[in-house]
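Below are the chains, spelled out letter by letter.
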Amino acid sequence: AYYEDEINLIDYLRVLWKWKRLIIAGTLICAVIAIVISFQMPKIYEVSIAMEPGVVGVKDDGSFIYIDSVANMNGKIEERIYNRKVEEALQLDPLKTMVKFKSAIVPKTNMIRVTSQWQEGDTALGVKVSRQLFSLLSNDYGKIVEQRKGDYDRQIFMKQSEISKVETQRKDIDKQIKLKLSENEKTRNDIRLQQATLENIRQRKGELLEELKGVKENTEKIVLQRDVLLKGKTQDGDISLLLYSNTIQQNVAYFNRLSDQSYDLGTREKETEAKVDRLTKNIDDIKTEIERLNLNKTEGLQAQIYDIKTEIEQIKLHKTEGLQT
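What this report covers is the structure whose coordinates are included nearby. These numbers come from a predicted model, not from an experiment.

Points about the pairing of strand 4 (residues 102-105)
And step 1. Of the pairings in the sheet, the one linking strand 4 to strand 5 (residues 112-119) comprises 4 bridges and is antiparallel in character. Within the sheet, the bridge partner assigned to K102 lies in strand 5 and is T115.
And step 2. Here strand 4 hands over to strand 5 after 6 residues, with K108 in that stretch at a positive phi of 60 degrees.

Thoughts on the pairing of strand 5
And step 1. As paired strands, strand 1 (residues 44-51) and strand 5 are joined by 8 bridges and run antiparallel to one another. Its bridge partner being in strand 5, A50 is matched across the sheet by R113.

Structural notes on the pattern of salt bridges
And step 1. The final tally for this structure, using the stated rule, is 15 salt bridges.
And step 2. Taking the shortest distance from any N to any O, the salt bridge between K186 and D190 comes out at 3.8 Å. With K186 and D190 both in helix 5 (residues 123-231) and 4 residues apart, the pair spans about one turn of that helix.
And step 3. Here D190 falls in the partly exposed class, since its relative accessible area comes to 27%.
And step 4. Across the pair E269 and R202 runs a salt bridge, and its minimum N-O distance is 3.0 Å. With E269 in helix 6 (residues 235-322) and R202 in helix 5, the pair connects residues that are 67 residues apart, well separated along the chain.

Digging into the sheet that holds strand 4
And step 1. Within the open sheet, the 3 strands sit side by side as 1-5-4. Their pairing is antiparallel. Because the sheet does not close on itself, it has two edges, and the strands there are strand 1 and strand 4. Here the average twist between neighbouring strands, direction ignored, is 25 degrees.
And step 2. Lying over the sheet, helix 3 (residues 70-78) contacts strand 1, strand 4 and strand 5, oriented at roughly 165 degrees with respect to strand 4.

Quick notes on a nonpolar patch on the surface
And step 1. On the surface, a cluster of nonpolar side chains totalling about 600 Å² of accessible area is made up of L13, V15, L16, W19, L22 and I23.
And step 2. Secondary structure elements with two or more residues in the nonpolar patch: helix 1 (2-18) and helix 2 (20-40).
And step 3. Top element by residues in the nonpolar patch is helix 1. It accounts for 3 residues.
And step 4. Topologically, W19 is positioned in the loop between helix 1 and helix 2.

Here we look at the side chain of R170
And step 1. Tracing the sequence through the fold places R170 in helix 5.
And step 2. Buried within the structure, R170 lacks any salt-bridge partner; E167 is the closest side chain of opposite charge, at an N-O distance of 4.1 Å.
And step 3. The residues touching R170, leaving out its near neighbours within four places in the chain, are K297, L301, Q302 and I305.

Focus: the environment of V252
And step 1. Mapped onto the elements, V252 comes out in helix 6.
And step 2. Separated by 37 residues in sequence, V252 and V215 place their C-alpha atoms 8.2 Å apart.

Overview of the side chain of Q194
And step 1. Structurally, Q194 is set in helix 5.
And step 2. Judged by its relative accessible area of 14%, Q194 falls in the buried class.

Here's the deal with the nonpolar core
And step 1. Counting 21 residues, the largest nonpolar core has M51, V86, F101, V129 and L133 as its most contacted members.
And step 2. Of all the secondary structure elements, the ones that give two or more residues to this core are strand 1, helix 3, strand 5 and helix 5.
And step 3. Of all hydrophobic cores here, the second largest spans 14 residues; its members include Y152, I156, I177 and I290.

Section: unusual backbone geometry
And step 1. Positive phi outside glycine occurs at R80, with the angle close to 60 degrees.
And step 2. Tracing the backbone through its elements, the reader meets R80 in the loop between helix 3 and helix 4 (83-89).
And step 3. For R80, a relative accessible area of 56% corresponds to the exposed category.
And step 4. Backbone geometry at Q91 places phi at a positive 55 degrees, although glycine is not the residue there.
And step 5. With respect to the helices and strands, the residue Q91 is situated in the loop between helix 4 and strand 4.
And step 6. A relative accessible area of 74% means that Q91 is categorised as exposed.

Definitions and limits used
Residues numbered from 1 in each chain as written. Predicted model: local features only at pLDDT ≥ 70, side-chain atom pairs only at ≥ 80, totals over all residues. Heavy atoms only, no water. Pairing = 2+ DSSP bridges. Helix = DSSP H or I, 4+ residues; strand = E, 2+ residues; numbered from the N terminus. Salt bridge = Lys/Arg side-chain N within 4 Å of Asp/Glu carboxyl O. Buried < 20%, exposed > 50% of the residue type's maximum accessible area, 1.4 Å probe, protein only. Axes fitted to C-alpha atoms, helices over the stretch in contact; angles between N-to-C directions. Contact = heavy atoms within 4.5 Å. Patch = residues over 30% accessible without salt bridge, like charges linked within 9 Å, V, L, I, M, F, W, Y side chains within 5 Å. Areas by Shrake-Rupley, 256 points an atom, 1.4 Å probe, with all protein chains shown as cover. Lys, Arg positive; Asp, Glu negative; His and termini not counted. Core = buried A, V, L, I, M, F, W, Y, C linked by side-chain atoms within 4.5 Å.

This is how it looks when you write it as structure tokens:
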């Protein structure tokens, strides 16, 4: 078997050698034809552009929020959504100049690479077509960005309205404090009036005590004189005894009236003292309420305004830095 294979291979070589001129000639002719055709064919150039989705926000961790995914952008271009739009925008005849884009996601990036092929002499048109594609994409996504900017503006307006409401609350607090101060001053005037009344009561009470003391001493003297008169009783003494008795009765009645007045004054004195204490406590309560209002105004509401202004600055930052096409 080995011998037969060797003989067959030699036969093949002999045949090839016999027709070597024809084989070489045919090969040379094919090569020449290929070279001629390649030189006659127009040169093809590739125009490419890299694009990244626009940014519409920033996450808490600092990463960007993109307006669209590269997969979606790539799908739109692959589905030839923008081909006809580019032709219409540049007024190209689809029969003569057909726009064809190829898109692919650049590995390990958030970008797509869009290419198109053009014959020699049409590369300038290819660049123009690629730029038009970029312009159309920018316009489409730019509308979304403008809408997002409008959303940010509305958020800022709402936050500013919140500040206006807080400022109104602060003005209301100022009015409340003014009313409390007026109420406090009125209460002080009432206290001064009650203290003056209390002073008059105490003064009158002291006068009554002195008068009671005088009436008591006078009554005691008359009683002594009456008792002396009773010991040396005479006919004329009966009239004197009657006068002494009447005087004593009058003094006792007057003493009782003075005692009643003194008791009433004592009652009024206690009531007035209690009223002064209540008014003084009211002043302390009003002071506490004013301090609470001031604290709410300077710390509570002011802190709200600071927080809202911080939120506005963050929204402005997202609007200016986050929104990019």
